[in-house]
Amino acid sequence: MSEKQLAMPLITRGPVLGSLDLIFDFLFNTASGVGMVKLTGGYYTSIFVFLISVLSLVTGGNIINGRARLPVELAGQIFAYTAVLFIFWVLYSSICHLMAEIMGGSGRAKDLFSMQGLSLAPFMMLIPVSLIIRFFEYKINLLYSVCFVILLSWSAFLNLKSIKNNYSLSYVRSAFLLFLPFIYAVVLPAAVFVLVALLM
């Protein structure tokens, strides 16, 4: 199937139905979703997925913990999560793109940015999952943790496929890039701490 055929849902069905097709393809047919992103961008859809995922993450956690927050408090919590995770999203995509090019990959940074936003789509299910778990009132925290790990693993797999398909890299190199920013997040602060300790 050509890239133009992959992008036809976004072109012929309008922005709303086209975006839903893109999200569905990315969840269940990632190669097709990646092709659509490469041709059409999918930037607004990826930002929509990001915002709904953050909302689901915050609301799902409150549902499981049985917290009834005031609207102002809830809005502040959502805003804080959105700001922090958006900054992380930008830095994460930038590091992955830079290292992918160093490792010989060829792809566009803005495509990876969109793909990694779409990779968060599994987290959009957190609110219905939380409501179902809360309804049955059986080992709530355990069931929520298991479901969260499943959704996180699904999201990581979509991210892995995005890196692989965008830069035409092997699974091994893509997996290395997937975890590299997290390694930096641990190693760099530790190195700074050790350096400061030695200089004192």
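The structure this text deals with has already been given above.
Residues numbered from 1 in each chain as written. Predicted model: local features only at pLDDT ≥ 70, side-chain atom pairs only at ≥ 80, totals over all residues. Heavy atoms only, no water.

Participant: Could you clarify how one ought to interpret the overall build of the protein in this entry?
Facilitator: Scanning the protein for helices and strands turns up nine helices and zero strands. Ordered by position from N to C terminus, the α and β elements of the protein give α-α-α-α-α-α-α-α-α. Among the 200 residues that make up the protein, the fraction classed as buried is 40%. In the protein, the share of contacts with a sequence separation of at least 24, taken over all contacts with a separation of at least 6, comes to 73%. (Helix = DSSP H or I, 4+ residues; strand = E, 2+ residues; numbered from the N terminus. Buried < 20%, exposed > 50% of the residue type's maximum accessible area, 1.4 Å probe, protein only. Contact = heavy atoms within 4.5 Å.)

Participant: Quick question: what am I supposed to make of the environment of Gly18 here?
Facilitator: Here Gly18 shows up in helix α2 (residues 14-28). For Gly18, a relative accessible area of 0% corresponds to the buried category.

Participant: Mind showing me how you'd approach the packing of aromatic side chains here?
Facilitator: To describe a pair of aromatic rings, you give the distance between the ring centres and the angle between the ring planes. With the rule as written, the count across this model stands at 10 aromatic pairs. The rings of Phe50, Phe86, Trp89 and Phe113 are connected pair by pair, giving a single aromatic cluster. (Phe/Tyr/Trp six-rings, centres within 6.5 Å; stacked < 30°, edge-to-face > 60°.)

Participant: In this structure, what is going on with the side chain of Lys161? I would like to understand it.
Facilitator: Summarising the element assignment, Lys161 is placed in helix α8 (residues 140-167). Despite its burial, Lys161 pairs with no opposite charge, the nearest such side chain being Asp25 at 13 Å. Ignoring any residue separated from it by four or fewer positions in sequence, one finds Lys161 in contact with Thr30 and Tyr171. (Lys, Arg positive; Asp, Glu negative; His and termini not counted. Salt bridge = Lys/Arg side-chain N within 4 Å of Asp/Glu carboxyl O.)

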